[in-house]
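# Summary of structural features
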Amino acid sequence: MPRRGKPERIEPRKTPQQDRSIQRVHAILESATRLITQSGVSALTMTALAKEAGVPIGSIYQYFPEKAAILRALFDMISARVEEHIIHSLEKATTLDELKEHVFVLIDWYYRECRENPIYLSIWLSMEMDKALAQLNIEQSYRLAEVFIYYTAPLRTPRPGEDYEARCKLLSYFLGSCMRLALLSEQDHAKRMLLECKRLIRESI
């Protein structure tokens, strides 16, 4: 059996090709979402998932070697949606000030999304306990930093001695951590933290 932290643990066993298989995997992930939303990640077991999805447990293992692979699939779905929304917003900016405003709107949008969809926070917190999943979170943070650099670099004047790539990676990871902290805090306190995040971003780019 692969050791904890090995990347093959979180890879799908195979990618569905036929419509029926695609629909089955979609149903499995929808059922996993319901279980996590209702009772938390601890409620997500292969047995409970098979019952919720109304499929043989063997059908789940056919695609996912273990629970971590299902969490990874859910994380990928969330990440793709968030990244698409960010790109769609940033590509509209034509000046640096305009781009900053788009970023601030995105922060508010993301906070609302996470409040309305508690599975986001559940997935994040569960990933921190697993080395392979935690690495995925870092990789996504870096991808978002690269997106941010792509759209901001042409609009700004470089500052002497700065490492803008490193700064953007730090900001991206910091913002993700700040968002998680905000979601675990009372809403008034969360809004104060997000406001300070916006101030730091404004001063950093």
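Residues numbered from 1 in each chain as written. Predicted model: local features only at pLDDT ≥ 70, side-chain atom pairs only at ≥ 80, totals over all residues. Heavy atoms only, no water.

## Points about the overall build of the chain
Convention followed: Every helix listed is a DSSP run of H or I at least four residues long, and every strand listed is a run of E at least two residues long, numbered separately from the N terminus. Relative accessible area decides the class of each residue, using a 1.4 Å probe on protein chains only: under 20% of the type maximum gives buried, over 50% gives exposed, and in between gives partly exposed. Residues are treated as being in contact if the distance between any of their heavy atoms lies within 4.5 Å. For the charge count, each Lys or Arg is scored as positive and each Asp or Glu as negative, with His and the chain ends excluded. We put the charge of a Lys on NZ, of an Arg on CZ, of an Asp on CG and of a Glu on CD.
Looking only at helices and strands, the chain has nine helices and zero strands in total. Counting across all 205 residues of the chain, residues that qualify as buried make up 46%. Restricting to contacts in the chain with at least 6 residues of sequence separation, those with at least 24 account for 68%. Of note, the chain has its 29 positive side-chain charges centred 5 Å away from the centre of its 27 negative side-chain charges.

## What about the environment of Asn-137?
Of note, Asn-137 is situated in helix H7 (residues 131–152). On a C-alpha basis, the gap between Asn-137 and Arg-72 in space is 9.8 Å, while along the polypeptide they are 65 residues apart.

## Considering the confidence of the model for the chain
Atomic detail in the predicted coordinates should be set aside for any region of low pLDDT. Short version of the rule: Each residue carries a pLDDT value, the predictor's own confidence for that position, ranging from 0 to 100.
This prediction gives the chain a mean pLDDT of 91; 97% of its residues lie at or above 70. The model gives residues 1–5 a pLDDT under 50, and that stretch makes eight contacts with residues more than four places away or in other chains.

## Some remarks on the packing of aromatic side chains
Let me state the cut-off plainly: Aromatic pairing here means that ring centres of Phe, Tyr or Trp (its six-membered ring) are within 6.5 Å. Orientation follows from the plane angle: under 30 degrees is stacked, over 60 is edge-to-face, and everything else is tilted. A ring has a charge above it when a Lys NZ or an Arg CZ is no more than 6 Å from the ring centre and no more than 35 degrees off the ring normal.
Going through the model one piece at a time under the given rule, you end up with four aromatic pairs. For the pair Tyr-110 and Trp-124, a centre-to-centre distance of 5.7 Å together with 90 degrees between the ring planes defines the contact as edge-to-face. Residue Tyr-110 is located in helix H5 (residues 96–116), and its partner Trp-124 is located in helix H6 (residues 119–127); the two are separated by 14 residues in the primary sequence. For the pair formed by Tyr-110 and Trp-124, the shared burial category is buried. Positioned over the ring face of Tyr-164 is Arg-156, at 3.9 Å from the centre of the ring.

## A few points about helix H2 (residues 46–53)
To keep it simple, the criterion reads: The directions considered for the arc run from the helix axis to the C-beta atoms.
Taken residue by residue, H2 has Met-46, Leu-49, Ala-50 and Ala-53 as its buried positions. In a view along the axis of H2, the buried residues occupy a sector of 100 degrees, so they form one face of it. Exposed residues lying more than 90 degrees from the buried face of H2 are Thr-47 and Lys-51. On its buried side, H2 packs onto helix H1 (19–39), helix H3 (57–63) and helix H4 (67–90). Once H2 ends, the next one or two residues include Gly-54, with phi positive near 70 degrees.

## Let's talk about empty space enclosed by the protein
What counts is decided by this rule: Here a cavity denotes a set of grid points, spaced 1 Å apart and computed over the protein atoms alone, in which a 1.4 Å probe fits but from which it cannot get out, and a pocket denotes an open set meeting protein on both sides within 12 Å along at least five of seven lines; residues with an atom within 4 Å of a point are reported as lining. Grid points are joined across faces, edges and corners, and a volume is the space filled by probe spheres set on the points.
Summed over the entire model, instances satisfying the criterion amount to one cavity of 30 Å³ or more. The calculated volume of the largest cavity comes to roughly 490 Å³. Listed by contribution, the elements that provide at least two residues to the lining of the largest cavity are H4, H5, H7 and helix H8 (164–183). Residue contributions to the lining of the largest cavity peak at eight residues, all from H8.

## Let's talk about the nonpolar core
Here is the rule: By nonpolar core is meant a set of buried Ala, Val, Leu, Ile, Met, Phe, Trp, Tyr and Cys residues that side-chain atoms within 4.5 Å join together.
Membership of the largest hydrophobic core comes to 65 residues, with the highest contact counts inside it found for Ile-60, Phe-64, Ile-70, Leu-90 and Ile-123. When residues of this core are assigned to their parent elements, the largest contribution, 11 residues, is made by H4.

## What to know about the layout of surface pockets
Rules: Residue classes follow a fixed rule: Ala, Val, Leu, Ile, Met, Phe, Trp, Tyr, Cys and Pro count as nonpolar, while Asp, Glu, Lys and Arg count as charged, and any other residue, Gly among them, counts as polar.
Of the voids in this model, the largest pocket is the one considered here, and its volume is about 230 Å³. Every residue lining the largest pocket is listed: His-26, Leu-29, Glu-30, Thr-33, Leu-74, Met-77, Ile-78, Arg-81, Glu-113, Asn-117, Ile-119 and Tyr-120. At the level of elements, H1, H4 and H6 are the ones that each hand at least two residues to the lining of the largest pocket. Partitioned by chemical class, the residues of the lining of the largest pocket number six nonpolar, three polar and three charged. Empty space within the second largest pocket amounts to approximately 170 Å³. Along the walls of the second largest pocket sit 13 residues, with Pro-12, Pro-16, Val-25, Phe-64 and Ala-73 positioned nearest its centre.

## Examining the packing of H1 against H2
Selection rule: Axes here mean lines fitted to C-alpha atoms, for a helix over just the part in contact, with angles spanning 0 to 180 degrees between N-to-C directions. Oblique is the label for any angle not covered by the other classes, which are roughly parallel (under 35 degrees), roughly antiparallel (over 145) and roughly perpendicular (65 to 115). Crossing handedness follows the turn of the near helix against the far one: under a right angle anticlockwise gives a left-handed crossing, and clockwise gives a right-handed one.
The interhelical angle for the contact between H1 and H2, taken along N-to-C directions, is 110 degrees, at an axis separation of 9 Å. Relative to H2, the element H1 lies roughly perpendicular. Crossing handedness for the pair H1 and H2: right-handed. Across the interface between the two elements, Ala-27, Ile-28, Ser-31, Ala-32, Arg-34 and Leu-35 from H1 touch Ala-48, Leu-49, Glu-52 and Ala-53 from H2. In terms of residue class, the contact of H1 with H2 is made up of seven nonpolar, one polar and two charged.

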